[in-house]
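# Results of the structural survey
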Amino acid sequence: MYDAIVAGLGPAGSTAAYSLAQKGWKVLGIDKARFPRYKSCGGCISTKIERILDFDIKETVEETAFGATFTYKAGRTMDILSDRPVGYNVMRDVFDDHLLKKAREAGVEVIEGLRVKGVADSGGFVTVFCEGGQEFKAKFLIGSDGSSGVVGREYFGLDPKEAAISITAEVPYGPAGKTVHNKLFIDFGSIPFGYGWIFPKKDFLSVGIAGDAAKVGGKVKDYFNEFVSTHEALKGLKIDHRDGWTVPIFYTGAATPVRGRVVLAGDTGHLVDPFLGEGIYYAIRTAKAAAVAVDTALKTGDADLSSYKDWLEKEVYPEFRSAERLSDLVYDHPRLWYSIIEKDHDIMRRYYNVIRGEETADSFYSWVYNKVKSKPWKVLRRWIESRFMPA
Ligand SMILES: Cc1cc2nc3c(=O)[nH]c(=O)nc-3n(C[C@H](O)[C@H](O)[C@H](O)COP(=O)(O)OP(=O)(O)OC[C@H]3O[C@@H](n4cnc5c(N)ncnc54)[C@H](O)[C@@H]3O)c2cc1C
């Protein structure tokens, strides 16, 4: 009997396992993959990560971004840079392996290459059923098996269709070598209700596009192909391999990620910012909070994990709801949005403070909304201008 089992050992699972083992609990972590393993991802971690980390991740950071070059449908290029960092770019195989190593060092027992197939919660403990008929028991389970896992979908009934759909590729630098430094590339308008990106790493450009699954329909490959064949930063580079994946963004009405002795952290619980699709920071942050709830329950012998739900309601969901409203504002009208930020770079510069954790998404949204509402004629002018810009 373990004190806790952690199903899935990405950033959420490794963090939860690490946090509980640090407190002296007997923890088992299970992942279907063997590490280091690839994860389709832009791999850009917002700098607010520094506020919540228990250990250094600097050795995994390949590039520090000080802002971005923005485009609209791969054209109308503009730089909005900053003198302070906004993001750290990592390769996920390296980054996730680093976190798992920390969990092992803290005393977590790890089983790699074993798929979790089901969960039962009865008799005062949780049973985790794995492939090959193996079973493990624990007082508590943290479900962190990501968007393709079983704990969120099957045990909690979260809806896999509430997601963004994406295509990504890791593109090696051409013969010219690395020519871009210290910035991201973000494109609006190339995909419905989403964006395209190019995030530079040491040896690769991580390229991708993602948009709301319902609005993109079956055309994500077409949007990706159009984006990569027209973007200036990718001219002449060879894209051999592409990956399709989903981003399980937060949605209003999602089941609460606490059920009996089981809690969800990270992607499994749809704990992904719905505006940026940013999930690494939230995986780590929610995993730490889930571990606090489990630690308290283990100490008190009371199986009530609702403090985690209360914490999410207070600390995370309000941010996600504001991010949802921001998504509607931006992605419903990408051309108008682009015309507005083209004329007013301070909007994005202020958004960088949200990414840095210095301002809430809620206060940023209110500020933008009031700005737009207080000068409707300006917005009307931008809207008219945007009609005559290249589509
Ligand atoms: C295309 C794309 C681009 C993204 N770009 C960014 C970005 O730039 N920045 C950012 O912050 N976020 C980004 N995200 C989101 C980010 O990748 C996720 O939010 C993050 O990986 C969540 O971590 P996690 O630990 O919850 O899940 P994961 O990282 O998905 O880890 C889940 C783990 O569970 C394991 N697993 C799955 N099923 C089972 C099973 N049945 N049994 C056992 N183990 C299982 C998997 O092998 C995996 O190791 C992106 C996502 C996508 C798809």
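Everything below is about the structure printed above this text.
A few points on the structure. (Residues numbered from 1 in each chain as written. Predicted model: local features only at pLDDT ≥ 70, side-chain atom pairs only at ≥ 80, totals over all residues. Heavy atoms only, no water.)

### So, the overall build of the chain
Check the secondary structure of the chain and you find 11 helices and 18 strands. Against the globule reference of 21 Å for 391 residues, the chain gives a C-alpha radius of gyration of 21 Å, in line with a compact fold. The dimensions of the chain, computed from C-alpha atoms along their principal axes, are 65 × 50 × 40 Å. Buried positions account for 55% of the 391 residues belonging to the chain. Intrachain contacts of the chain at a sequence separation of at least 6 include 73% that bridge at least 24 residues. Accessible surface, the chain: about 16600 Å² in total, of which carbon and sulfur atoms supply 52%. Each charge class in the chain was averaged separately, 53 positive and 52 negative side chains, and the resulting centres sit 3 Å apart. (Helix = DSSP H or I, 4+ residues; strand = E, 2+ residues; numbered from the N terminus. Rg over C-alpha atoms; globule rule 2.2 N^0.38 Å. Buried < 20%, exposed > 50% of the residue type's maximum accessible area, 1.4 Å probe, protein only. Contact = heavy atoms within 4.5 Å. Areas by Shrake-Rupley, 256 points an atom, 1.4 Å probe, with all protein chains shown as cover. Lys, Arg positive; Asp, Glu negative; His and termini not counted. Charge placed at Lys NZ, Arg CZ, Asp CG, Glu CD.)

### What about the packing of helix α6 (residues 280–300) against helix α7 (residues 306–331)?
Two numbers describe a pair of packed helices, the interaxial angle and the distance between the axes. Where α6 meets α7, the axes come as close as 9 Å, and the angle between the chain directions of the two elements is 160°. On the basis of their axis angle, the class for α6 and α7 is roughly antiparallel. As α6 packs across α7, the resulting crossing turns out to be right-handed. Where α6 abuts α7, its residues Tyr282, Arg285, Thr286, Ala289, Ala290 and Ala293 lie against Ser307, Tyr308, Trp311, Leu312, Glu315, Val316 and Phe320. Residues belonging to the contact of α6 with α7 are distributed by class as follows: 9 nonpolar, 2 polar and 2 charged. (Axes fitted to C-alpha atoms, helices over the stretch in contact; angles between N-to-C directions. Parallel < 35°, antiparallel > 145°, perpendicular 65-115°, else oblique. Left-handed = near helix turned anticlockwise from the far one by under 90°. Nonpolar A, V, L, I, M, F, W, Y, C, P; charged D, E, K, R; others polar.)

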